[in-house]
Amino acid sequence: MKRKKKPRKRPSSPPLLSAEEEGLVAQLVEEMGISAPVDIVKRIPNPLSAQRLIELLPSDASVIPLLSALKASFQDKIVGKAVKRAVFRLEQKGISTKEFFSEKEDSPPILKPFRKDPPQCYLGPVNGAGLRAVGVILHRGGKEVDTGFGIISDKEGFKEFLFRTVSRRDAKELKERFQREAGPFVDTSLAHGTTLLEEAYQREVSLNSHAPEGYLELRPRLLEHAAPLERPLVYDLVSESAVSEHTPTDAEIRDLLEDPLMETWLIELDAMTPFMEEMYRVHESPIVLSPIQKSARIREIQDKCLAEIFTAEERQRLKGRLEEMAYIFLKIGQEETAKVALAAAQITTQEVTSLKANPVIEILLQRSLAFYNNAVEEKVREHASGRRDAASPIILT
């Protein structure tokens, strides 16, 4: 009687990398000829990404220094096997791999090399005033970690920044407490966080000639681990050219601004007040104006409001906020919302003219007017006398 053959187990497919990790690996392959191996290795977030990078390397002698650096930095089996396969492919092609091997490899090290945990970085959403939370945790190699948590502004630099060296447990509690106050948080690359912190630092120095002491303590270690990005990280995940092909509708922009993470996106009241008071005077003017004349005058004031508040610099700042929010939406799984945010960012820099409106800032204006009018009306209703004064709401027609 013949024995039944046991079915062979199919090898399990390796875990897939995230879109962000795939984009980073592809970028590192392109930079291989211009960046030092040690700099490339520092930017690899985990062993799976290192394995994927090795698989994409060309089979020529130029990759040997990078393979050596990867082998020295990652003690994981998957990386070691990937390196061995890459070296074997080189040898099959007749490429010398002598420089890959050192004399010290003949005898194993007495002590297993200690490997630091990778840096951690967290971001909160951007609010309507351009404020957001940033958190960084850098591991020292022992039980302690360096932590930096702060609130930054794309206009004013640092609002606050706290630097501490604490235990891993305390770092986790600090992050959770900060997230409750300024979150929700999404994780991101250290290069992304470094970019935002450095922009806040440069702005702070230009305005106040100094920066928080905490950030000055953390800054050298931060720049040692990661260099600032040259473009928004979201474009490593979504093609800028693909986004530019879509012009968002007014309904899409309104839905975007109604998202709970963007409910604070309003034009600041201090900036709006002079124009709201001017519109109120039009409504209360003793000069008799027809509804059409009033509407035309209100529109003139609104156009002036948009032109004075949303200068070219401010529109560029608004574009950056939308790009950062698109990244947040991608990280929490709201891909369609992220695409609308990016599409809106592309048209935000358009100049407002009498012939062509900028739909993003126009909708932002109307949303802000409606919000402040509702707030004033609520206060008026609370007054027992029902008296309406110069702060009365403006009814737009």
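About the criteria used
- Residues numbered from 1 in each chain as written.
- Predicted model: local features only at pLDDT ≥ 70, side-chain atom pairs only at ≥ 80, totals over all residues.
- Heavy atoms only, no water.
- Helix = DSSP H or I, 4+ residues; strand = E, 2+ residues; numbered from the N terminus.
- Contact = heavy atoms within 4.5 Å.
- Areas by Shrake-Rupley, 256 points an atom, 1.4 Å probe, with all protein chains shown as cover.
- pLDDT = per-residue confidence, 0-100.
- Patch = residues over 30% accessible without salt bridge, like charges linked within 9 Å, V, L, I, M, F, W, Y side chains within 5 Å.
- Salt bridge = Lys/Arg side-chain N within 4 Å of Asp/Glu carboxyl O.
- Lys, Arg positive; Asp, Glu negative; His and termini not counted.
- Charge placed at Lys NZ, Arg CZ, Asp CG, Glu CD.
- Pairing = 2+ DSSP bridges.
- Axes fitted to C-alpha atoms, helices over the stretch in contact; angles between N-to-C directions.
- Buried < 20%, exposed > 50% of the residue type's maximum accessible area, 1.4 Å probe, protein only.
- Polar contact = N/O pair within 3.5 Å; in protein donor to acceptor, adjacent residues only side chain to side chain.
- Core = buried A, V, L, I, M, F, W, Y, C linked by side-chain atoms within 4.5 Å.
- Expected span 1.5 Å × (residues − 1).
- Parallel < 35°, antiparallel > 145°, perpendicular 65-115°, else oblique.
- Left-handed = near helix turned anticlockwise from the far one by under 90°.
- Phe/Tyr/Trp six-rings, centres within 6.5 Å; stacked < 30°, edge-to-face > 60°.

### Some remarks on the overall build of the protein chain
Here's step 1: A count of helical and extended segments in the protein chain gives 15 helices and 5 strands.
Here's step 2: Put simply, 66% of the contacts in the protein chain that link residues at least 6 apart link residues at least 24 apart.
Here's step 3: Per element, the accessible surface of the protein chain, about 23500 Å² overall, is 53% carbon and sulfur.

### Looking at the confidence of the model for the protein chain
Here's step 1: Mean pLDDT for the protein chain: 84, with 87% of residues reaching 70 or above.
Here's step 2: Per-element confidence in the protein chain ranges from a low mean pLDDT of 75 for helix α9 (residues 240-244) to a high of 96 for helix α13 (residues 312-331).
Here's step 3: Ignoring residues within four places in sequence, the model shows residues 388-397, a span with pLDDT below 50, making 28 contacts including any to other chains.

### Comments concerning a positive patch on the surface
Here's step 1: Side chains of Lys77, Lys81, Lys84, Arg85, Arg89 and Lys93 sit close together on the surface and give a patch of like positive charge.
Here's step 2: Topologically, lysine 81 is positioned in helix α5 (residues 77-92).

### Regarding the sheet that holds strand β4 (residues 157-167)
Sheet strands associate in pairs through backbone hydrogen bonding, adopting either a parallel or an antiparallel arrangement.
Here's step 1: Taken in spatial order, the 5 strands of this open sheet run β4-β3-β2-β1-β5, and their pairing is antiparallel. Every other strand in the sheet has two partners, leaving β4 and β5 (186-188) as the edge strands with one partner each. Pairwise comparison of adjacent strand axes, ignoring direction, gives a mean angle of 20° for this sheet.
Here's step 2: Judged from the 4 bridges that link them, strand β1 (residues 120-123) and strand β2 (residues 131-139) form a sheet pairing that is antiparallel. Within β2, the residue paired with leucine 123 across the bridge is valine 134.
Here's step 3: The sheet contacts of helix α7 (residues 190-208) involve β1, β2, β3 (144-153), β4 and β5, and relative to β4 the element is tilted by about 130°.

### What about the pattern of salt bridges?
Opposite charge on two side chains makes pairing possible when the charged atoms of those side chains draw close.
Here's step 1: Counting across every chain of the model gives 27 salt bridges.
Here's step 2: Glutamate 324 is the partner of arginine 132 in a salt bridge, and the nearest nitrogen-oxygen pair spans 2.8 Å. With arginine 132 in strand β2 and glutamate 324 in helix α13, the pair connects residues that are 192 residues apart, well separated along the chain. Like arginine 132, the residue glutamate 324 is buried in the burial classification.
Here's step 3: Look at the salt bridges and you will find they share partners, linking Asp154, Lys155, Glu268, Glu313, Glu314, Arg317 and Arg321 into a network.

### Looking at the side chain of glutamate 324
Here's step 1: Looking at glutamate 324, the relative accessible area reads 12%, which means it is buried.
Here's step 2: At a separation of 2.8 Å, a polar atom in the side chain of glutamate 324 contacts the side chain of arginine 132.
Here's step 3: At a separation of 3.0 Å, a polar atom in the side chain of glutamate 324 contacts the side chain of histidine 192.
Here's step 4: Setting aside residues no more than four positions away along its own chain, glutamate 324 makes contact with Leu123, Val126, Arg132, His192 and Leu196.

### Notes on the nonpolar core
Among soluble globular proteins, nonpolar side chains are generally buried collectively.
Here's step 1: Formed by 68 residues in total, the largest nonpolar core has its most connected members in Leu197, Trp265 and Met272.
Here's step 2: When residues of this core are assigned to their parent elements, the largest contribution, 8 residues, is made by helix α14 (residues 335-348).
Here's step 3: Beyond its immediate stretch of four places on either side in the chain, methionine 272 contacts Ile267, Cys305, Ile309, Leu365, Ser368, Leu369 and Tyr372.
Here's step 4: Val25, Ile40, Ile54 and Ala86 belong to the second-largest nonpolar core, a separate cluster that totals 26 residues.

### A few points about α13
Here's step 1: With 20 residues, α13 should cover 28 Å at 1.5 Å per step; its first-to-last C-alpha distance of 29 Å lies within 8% of that length.
Here's step 2: Taking burial as the measure, the 20 residues of α13 include 14 buried ones, the bulk of the element.

### Considering the packing of α7 against helix α8 (residues 213-225)
Here's step 1: Two elements in contact, α7 and α8, have axes separated by 11 Å at closest approach and are oriented at 140°. Classified by the interaxial angle, the pair formed by α7 and α8 is oblique. The hand of the α7/α8 crossing is left-handed. For the pair α7 and α8, the contacting residues are Leu190, Thr194, Leu197, Glu198, Tyr201 and Gln202 in the first and Tyr215, Leu216, Arg219, Leu222, Leu223 and His225 in the second.

### A closer look at the packing of aromatic side chains
Describing an aromatic ring pair means giving the distance of the ring centres and the angle of the ring planes.
Here's step 1: Inspection of the entire model under this criterion finds 8 aromatic pairs.
Here's step 2: Measuring from centroid to centroid gives 5.4 Å for phenylalanine 149 and phenylalanine 178, while their planes differ by 55°, and the two rings are tilted. Remark: phenylalanine 178 occurs in helix α6 (residues 168-182) and phenylalanine 149 occurs in strand β3; sequence separation between them is 29 residues. For the pair phenylalanine 149 and phenylalanine 178, one class covers both residues: buried.

### A closer look at the side chain of glutamate 31
Here's step 1: Looking at the element boundaries, glutamate 31 is found in the loop between α1 (19-30) and α2 (37-42).
Here's step 2: Classification of glutamate 31 by relative accessible area gives buried; the value is 14%.
Here's step 3: Ignoring anything within four residues of it in the chain, the contact list for glutamate 31 reads Ile40 and Arg43.

### Let's talk about the packing of helix α4 (residues 64-73) against α5
Between two packed helices, the angle of one axis relative to the other and the distance separating the axes together describe the packing.
Here's step 1: Two elements in contact, α4 and α5, have axes separated by 10 Å at closest approach and are oriented at 160°. Between α4 and α5, the angle falls in the class roughly antiparallel. Regarding α4 and α5, the two cross each other, and that crossing is left-handed. Taking contact as the criterion, the partners of Ile64, Leu67, Leu70 and Lys71 in α4 are, on α5, Val79, Val83, Ala86, Val87 and Leu90.

### Re α7
Here's step 1: Here α7 contains 19 residues, and its C-alpha end-to-end distance of 26 Å stays within 8% of the 27 Å for a straight helix at 1.5 Å per residue.
Here's step 2: Within the sequence span of α7, burial applies to Leu190, Ala191, His192, Gly193, Thr194, Thr195, Leu196, Leu197, Glu198, Ala200, Tyr201 and Glu204.
Here's step 3: Of the residues one or two after α7, serine 209 is the one with positive phi, at around 65°.

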